[in-house]
Structure formats: structure tokens, C-alpha cells
Amino acid sequence: MWSRSSWRRLALPPAPPLRHRRAGSEVAAGAQRYDVVVIGGGHAGTEAAAAAARGGARTLLLTHRISTIGEMSCNPSFGGIGKGHLMREVDALDGLCGRLCDRSGVHYKVLNRCKGPAVWGLRAQIDRGRYKELMQKEILSTPLLTVREASVEDLLLAEPAADRAGKCQVTGVVLGDGGAVRAGSVVVTAGTFLRGTLLVGLQRQAAGRLGERPALALARTLEQLGFAMGRLKTGTPPRLAKDSIDFRGLEERAADNPPVPFSFLSKAVWIKPEAQLPCYLTRTTPRARQIVLDNLHLNSHVRETTRGPRYCPSLEAKVLRFPHREHQVWLEPEGLDSGVIYPQGLSMTLPPELQEQVIRAIPGLEGARMLQPGYGVQYDFLDPRQLTASLESRLVQRLFFAGQVNGTTGYEEAAAQGVLAGINACLRARGKPPFLVSRTQGYLGVLIDDLTTLGTAEPYRMFSSRVEFRMALRPDNADARLTPRGFEEAGCVSQQRYEQAVRMRAALEDGIAALKSLQFSSSRWSQLLPQVPISSSRRSPASAFDILRYPEVTMDVLARAVPEPLAELAQWRELAERLKIEAAYEWCVANQQQEMEEVLRDEALQLPEDLDYFAIDASLSAEVREKLDASRPRTVGALGRIPGVTPAAVVNLLRFVKAQHHKAQKPKASPGAGRPPAGAMSSEEGSSPRAEAGRAS
């Protein structure tokens, strides 16, 4: 049984007094040097550190405790609608989480099966202990990656490079023990630790996670540097003893058979299909809802004005918004040998004794034993509009941010940002151009563009509905979209993965060509496939690729009808499945191609990094100038996606930038030169009062 007193026993010992030191002091003398330093060992930090090391950077991962690397702080699951796409894209860039989930899942399920493959959501319940063990082994054995237990108290700073925007540049970190580490780039993945506060009922304690200290000094450093910070909140449900739950009468949901792996490198997952664990569904009752409503005055987390997650709200938030509805509660296993059940949908921060009352008012949980109460977390986050598309800070050069510190929620969003930040921190330290993913190239590009262009006022969650070109950006083709780029441009992809992606791409091209070359009349196809309702009105011959679009037709069906040359294609199961998907979406992708090219043209028009929107002589309203200054859009394409920026403002700003570019180029132009190309003016080509002041200082 959990009680108030046991909650108090988790209180941390008094923290040592905070020390705040800046660069240029004696603390940096004799410091170790790494190419990249990553702060934080969560899902963003592990992916960032591993990506930087894969790219060839000597990398240091700093974490409070090595034993918590790979910790799944909240739900024991990965993936879902939109999130599964991010998992596949992280894997395509040789990230870790997809491969490790294929070796630690206990229940694999593809969501959205009733819709097309473009929006299928790969998801898995994960064995917490096994995943953490695998992640620690992976991180501790990664070449060029060093892991060290230490807190970061401050940043080492130096004068900024003249060719880039920013008030200074980071050159390393100051540790809690007074030591320092020099770095070519620094990645901050602080999660919920920046001034983190845990709340249960009316009690609160300073912590970034249950039993772990918050990062107070680092939060103060970022604030003093001038970063715009906000406050968000999230929460986690209580944990229940499995042997105290009555599963009889509850809705059982079985896993998929066969399970679908996350990673392109996995032929199958580690667990036998029949050994997977089921999940169970129950629902709240009027009695449970009434307990919540009667005790809101004892819940400071709900009364706070800090914004919480819209798409994973607490039980209190759901009851307040929909007081007369039943709310689903999924009972999810935490591991093969675990005696703990995670009640998804039951996140709450009532006092522990009231949480127990709510739990026991739910069918199947009447005798449930609470092992740990649910609690809320409030934490500082950085306005992500202060970052570039590479996740580098505009304010402090060489300083990158990834994960919940940027206002997102979820392991998958954190991992996706982590792999991109790690890649770019490595490239920045080595003096190479950044690796960018646009909205036309991946869900990762949509995630980054939404954050850096629009910002967020609540924890951001990825959905397929946020993606304009989801017919082309499917989970099945993430390797074709990103793996070659990751190998050739970022250097973060292994030779093995690259060669596999190239083989698959060649096989797809050959397979599509073979299918398109095999053509018969509609009547002939009807004879070969009598079970398929093939239209007889078509006069021109139809190819096997056309016939593959019918829902009833698979490569196996075609191979039985026309063994030569299709039997060989059907034997490669993964290739056969991808050929089917390519056939289904060929027309849709072709129709979207023109729109994608228009977006790419807009993205090619770069805006100056140091543009002073308050000082420029352009026809822009004060409101638009404020929005532009806050968002600092990198391209004209991003400019048009900022809410409140009108098409007229876009045209006026573009006209101003082109005029400035023309002025800068005019003295150098030859008499016969044509008009300058539309596009960006570099930070050296145009000047503003703010830029001149920055250079003078």
C-alpha cells in the first residue's frame, strides 16, 4: 500500500549550493577536449551521442547516473500513429531505438490497419528492464563514445564567429565537481530536468524524474544567456500489481501474428508470436469520475495554468472536459517477467489515498494494489523558434537542443530530434554543412519545421495528419528516403545498412519494371484471375503493376497466375509487400509531386539570418514584424507557414530581400549580367542596425 509518508521518504537530500561560472575563467585550464558533448542520457541524448560517434566525432555523454540510461520514464511502449513513422526514419539513419525495440518488445501491433499503409502506425509494448539493459550495452560499447556520470553546471563561452549569427559560441561545459570539458559542439537534451518539479496532491518536490535531482544551474545559465523559456507539464499514471488485477471480463487485445519489426535490419522480432503478452481494456465509471471532481481542490498540478499534453491528458483533465463520458484505461504489461501493470489513460496527480479510491472504482481493479502513485512533472522548456533547422541555437553558436527541452512529448519525438542534433553537432564540429530534412523528405522534417517555425505552447506530439505529403512519406520507404543521404551526407549510416538500402532500391526498380512490362488485355487478366473484379471497360492493355493495385491482388496471387517472371519476385516477402504498396500509391505520389516541387522551390529561397525585422524598410505590420522576429524563418517556405503572416507580407518581404540582394551584387555585376537569381542574401550581403552592432561588439 502506498501512503503519504512513503511519498515523503522519496524526498532527496539537500542539494549543494549552486555555483555559476562563465567561460574565460581558470576552470577551463587543462580541460579534456571532445568533438561533441551531449548533456543528458535519455532517449534524445542516447540517440544524439550515438549518431555523433557514428559520424566520426569523439563524443562524451554526460548523465547523472549511467544506470538510468535507457530508462522509460513513463509508458512502456514505443511507436503509434505518426510516431511509428519517426521510429522508421530514426532507424533509416542508423538510430538505436528501432533495433532495440525489435529485441525487447512483448506485444507488437500495427495501428490504423483499416486504412492504407501510408498511415499505418507500428507500435510495441516493451520490456522495460530488457530495453534499458540493451541500450546501456549499446551505448557503452559504441566506438568513439565515452560515458561519464556528472552534472553540468554551466557553459564555457567565447566570442562568436564573425560569419554566423549569434551573440557568442559555446566551447565546452563546466561540471558539478568544478572540472571542465572542451567541445567543438554541445547538445542539450535535458528532458524534464530544467527546474523540474514533481507534484502529487498538494505536495511538490524539486526533481527531474522520480528520485533524481533537477538541473537548476543549467536552467539559470540558459535564462541568463537570453533564451526565451516557457513552462510545461506532463504526468504519469500509478503502477499496479499484476497479481491483484481481475482480468476476467475485461476486453483482451491480442498482439499481431506475425509481428512487424521496426528496423529495416530486422528480419523478425526476438519473441515468438505465441509468446507475446496481451493487453486488456477497461473503462472509468461514474464513481471514479465523481472522486476526481470532489477532490480537485487537493490537486495543485491540475490547478496550475502551465500547459499540459493535449493528446495524452490526465484523468482529471479528461473528467473536467468530458464529465459524462467513460474513459478508456489500457492495462499494459511492463515486461515478460514483470509483475507490474501500466494503466494507460489513468495519469493523475491526486493524493495517493485518493488515487487508490479511483483505481478501485474501475472494473477489474476493485482489488488492485498500487505500487507507485501517479505524479505530475512541471519543467522549463526552450522556445524552439530560437533554433535553426539543424537544431543549432541562433543565440549561441555550436549549441544544439533536442528532445522534451524543445517542447515535445514522447520517446519517439525525442529520439528523432536526438539523431538529427547528434548528426549536426558532429558536422558542425568538423566544419561541414548541416544535414537538413525538409517537410517533403520525412516526418522528421515536419517535426523540426513545426517546432522551429511555429513553436509550441503545449507538449508537441507527432501525428500523420500534420504531414502534407504522407502518401509519399510512408513507413515502408523511410530507408529509400533517408539512408543514402545519411551515408553520403552525414556519414552516420553503416556500410551494411547502406548496401542493404541500395539493394532494396535496385530490386524495387527492377520489380516495378518487370511488372509494368507484363501486359495483357482486361479479358485475359480476368481469365488468369477470375476471383478479381477486373473492369472490362478498359480498352488498352493493363500491366501486372496496374493489376497489383486491386485490393484482392498480392504478389503471391500474381505469381500463381503468371509464374514466369513473377515467382522470383514473390519469394522475397519484404520486396513483394513493398511492390504492392508502391503500386497502390503510384498515382497519388505522382499527383503530389508537383506540390512537393513547389514547396522545394520555396524552401530554396533563403532569408538572411541577421535580418532585423523591426528596422527593415518593408511594408509589414507591427504584428507581422513581431511574429517574424520571434520565429526567425530560414526560408520563404517557412515564412508562409507562420500563423498571422499574410500572403501580402510574404510578397513584400521577398521583394525587400531581392532588392537588397540586387544592391549588394550591383557593383560586382558586369554590364551584360542578367537579373540576380531569386533567393537568399547571405548575412554578409546585407546589413542591419542589429547586425552592425553585433559586429562592432
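Cut-offs and rules
Residues numbered from 1 in each chain as written. Predicted model: local features only at pLDDT ≥ 70, side-chain atom pairs only at ≥ 80, totals over all residues. Heavy atoms only, no water. Pairing = 2+ DSSP bridges. Helix = DSSP H or I, 4+ residues; strand = E, 2+ residues; numbered from the N terminus. Axes fitted to C-alpha atoms, helices over the stretch in contact; angles between N-to-C directions. Expected span 1.5 Å × (residues − 1). Buried < 20%, exposed > 50% of the residue type's maximum accessible area, 1.4 Å probe, protein only. Parallel < 35°, antiparallel > 145°, perpendicular 65-115°, else oblique. Left-handed = near helix turned anticlockwise from the far one by under 90°. Contact = heavy atoms within 4.5 Å. Nonpolar A, V, L, I, M, F, W, Y, C, P; charged D, E, K, R; others polar. pLDDT = per-residue confidence, 0-100. Core = buried A, V, L, I, M, F, W, Y, C linked by side-chain atoms within 4.5 Å.

**Some thoughts on the sheet that holds strand S19 (residues 375–382)**
Step number 1: Across the sheet, which stays open at both edges, the four strands sit in the order S11-S10-S19-S12 with antiparallel pairing between neighbours. In the strand order of this sheet, the two ends are held by strand S11 (203–206) and strand S12 (229–236), each with one partner. In this sheet, neighbouring strand axes are inclined to one another by 25° on average, regardless of whether the strands run parallel or antiparallel.
Step number 2: The sheet contact formed by S12 and S19 spans eight bridges and is antiparallel. Residue Arg231 lies in a different strand from S19, and its bridge partner there is Asp380.

**Notes on helix H2 (residues 43–54)**
Step number 1: Here H2 is twelve residues long and its end C-alpha atoms lie 17 Å apart, about the 16 Å a rise of 1.5 Å per residue gives.
Step number 2: The buried fraction of H2 amounts to eleven of the twelve residues, a majority that puts the element mostly inside the structure.
Step number 3: For H2, every residue scored as buried is listed here: His43, Ala44, Gly45, Thr46, Glu47, Ala48, Ala49, Ala50, Ala51, Ala52 and Ala53.
Step number 4: Looking at the residues trailing H2, positive phi occurs at Gly56, about 100°.

**Some thoughts on the pairing of strand S5 (residues 121–126)**
Step number 1: Along S5, six of the six residues are buried, which leaves the element largely enclosed by surrounding structure.
Step number 2: Residues Gly121, Arg123 and Gln125 line one face of S5 and the alternating positions Leu122, Ala124 and Ile126 line the opposite face, and both faces are buried.
Step number 3: Judged from the six bridges that link them, strand S4 (residues 105–111) and S5 form a sheet pairing that is antiparallel. Bridging across to S5, Val110 finds its partner in Leu122.

**Structural notes on the packing of helix H3 (residues 83–92) against helix H11 (residues 411–429)**
A pair of packed helices can be characterised by two numbers: the angle between their axes and the separation between those axes.
Step number 1: Contact geometry of H3 with H11 gives a least axis separation of 9 Å together with a crossing angle of 30°. Between H3 and H11, the angle falls in the class roughly parallel. Judged by the sense of rotation from one axis to the other, the crossing of H3 with H11 is left-handed. Side by side, H3 and H11 meet where Lys83, Leu86, Met87 and Val90 of the first sit next to Glu412, Glu413, Ala415, Ala416 and Val419 of the second.
Step number 2: Split by residue class, the contact of H3 with H11 holds six nonpolar, no polar and three charged.

**Side note on the confidence of the model for the protein**
Step number 1: Residues with a pLDDT of 70 or more make up 90% of the protein, whose mean pLDDT is 89.
Step number 2: Note on residues 1–26: pLDDT is under 50 here. Beyond four places in sequence and across chains, it has 60 contacts.
Step number 3: Every residue in residues 669–697 scores below 50 in pLDDT, and together they form 38 contacts with partners more than four places removed in sequence or on other chains.

**Concerning the environment of Ala615**
Step number 1: Assignment of secondary structure puts Ala615 in the loop between helix H19 (573–604) and helix H20 (622–631).
Step number 2: We classify Ala615 as partly exposed; its relative accessible area is 41%.

**What about the nonpolar core?**
Side chains of nonpolar character tend, in soluble globular proteins, to be buried together.
Step number 1: Counting 107 residues, the largest nonpolar core has Val173 and Leu399 as the members making the most contacts within it.
Step number 2: With eleven residues, the top contributor of residues to this core is H11.
Step number 3: Setting aside chain neighbours within four positions, we find Val173 in contact with Val37, Ile39, Leu62, Val152, Asp154, Leu155, Leu156, Gly179, Ala180, Val181 and Val186.
Step number 4: In terms of nonpolar packing, the next biggest core, distinct from the first, is built from 30 residues, Leu518, Phe545, Ala559 and Ala561 among them.

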